[in-house]
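Notes for the structure review
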Amino acid sequence: MKRIFASALLVAATFLTAHSAVAQSHAVKVDVPFRFTIHNTTLPAGKYTISSELLDPATLIIRDSKNTPQAIFTGMDDPSASTQTGGLVFHQYGDLYFLSEIRFASASKAVFLPPTKQEERVRKHNGREYTTVVM
């Protein structure tokens, strides 16, 4: 009887451990020194945390230094990314910055954000695109 109980306990612990590993969210904390746009939302310079949702890892939430949600958006996994450091990648056109990638060091993965129509218009008008990384 003790053997059956011990086996059942081991199986239950294995399932709980596997479930908690799958349900972990990933987060990156950065201090962005400039105003930037994410989808159709422009945010001021400041400290931000971007994390993935537990139930839907493609859904990301950006929170300010007071932990207040500022934007919720969906990204696409970038299977080619293998990152060791967390941070944000921006497309820069003059003094306009558009968030284009979130790198999660904890998961060695990145999430890509396709350009919005607004970014496409700026790119077409401005022409020069630079990449800025904030870690």
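Look a little higher up for the structure.
**A closer look at the pairing of strand β9 (residues 96-104)**
- Judged by how many residues are buried, β9 sits mostly within the fold: seven of nine residues are covered.
- Where strand β8 (residues 87-93) meets β9, seven bridges bridge the pair, whose relative direction is antiparallel. What sits directly across from Y93, in β9, is L96.
- What sits between the antiparallel neighbours β8 and β9 is a turn of two residues, in which G94 has the positive phi angle 65°.
- Examined bridge by bridge, β9 and strand β10 (residues 109-112) share four bridges and lie antiparallel to one another. Along β10, the bridge assignment pairs F104 with K109.

**Some thoughts on the packing of aromatic side chains**
- Under the counting rule described, the total for this entry stands at six aromatic pairs.
- Ring geometry for F34 and Y97: centres 3.6 Å apart, planes at 15°, overall stacked. Placement of F34 in the loop between β1 (27-32) and β2 (36-38) and of Y97 in strand β9 is noted, with a sequence separation of 63 residues between them. Of the two residues, F34 and Y97, neither departs from the other in class, the shared state being buried.
- Taken together, a centroid distance of 5.5 Å and an interplanar angle of 90° make the contact between F36 and Y48 edge-to-face. Taken as a pair, F36 in strand β2 and Y48 in strand β4 (residues 46-52) lie far apart in primary sequence, twelve residues in all. In this pair, the class of F36 matches that of Y48, namely buried.
- Each member of the aromatic cluster is reached from another via a ring pair, and the members are F34, F36, Y48, F90 and Y97.

**A word on unusual backbone geometry**
- One non-glycine residue with positive phi stands out, namely H39, at about 55°.
- If you trace the backbone, H39 turns up in the loop between β2 and β3 (41-43).
- Non-glycine residue N67 carries a positive phi angle of around 70°.
- With respect to the element layout, N67 can be found in the loop between β5 (59-63) and β6 (69-74).

**Let's talk about the sheet that holds β1**
- One open sheet accounts for four strands, arranged β1-β4-β5-β6; its pairing is antiparallel. Looking along the sheet, the strands with just one partner apiece sit at the ends: β1 and β6. Pairs of neighbouring strands in the sheet enclose a mean axial angle of 20°, with direction left out of account.
- Looking at chain direction, β1 and β4 are connected through six bridges and run antiparallel. In the sheet register, V30 faces β4, and the bridge partner there is Y48.

**Some remarks on the side chain of T37**
- In this fold, T37 is placed in strand β2.
- Those residues in contact with T37 that sit more than four places away from it in its chain are T42, Y97, F98, L99 and Q118.

What counts and what doesn't
Residues numbered from 1 in each chain as written. Predicted model: local features only at pLDDT ≥ 70, side-chain atom pairs only at ≥ 80, totals over all residues. Heavy atoms only, no water. Buried < 20%, exposed > 50% of the residue type's maximum accessible area, 1.4 Å probe, protein only. Helix = DSSP H or I, 4+ residues; strand = E, 2+ residues; numbered from the N terminus. Pairing = 2+ DSSP bridges. Phe/Tyr/Trp six-rings, centres within 6.5 Å; stacked < 30°, edge-to-face > 60°. Axes fitted to C-alpha atoms, helices over the stretch in contact; angles between N-to-C directions. Contact = heavy atoms within 4.5 Å.

The quantities given are spatial measurements derived from coordinates; they are silent on function.
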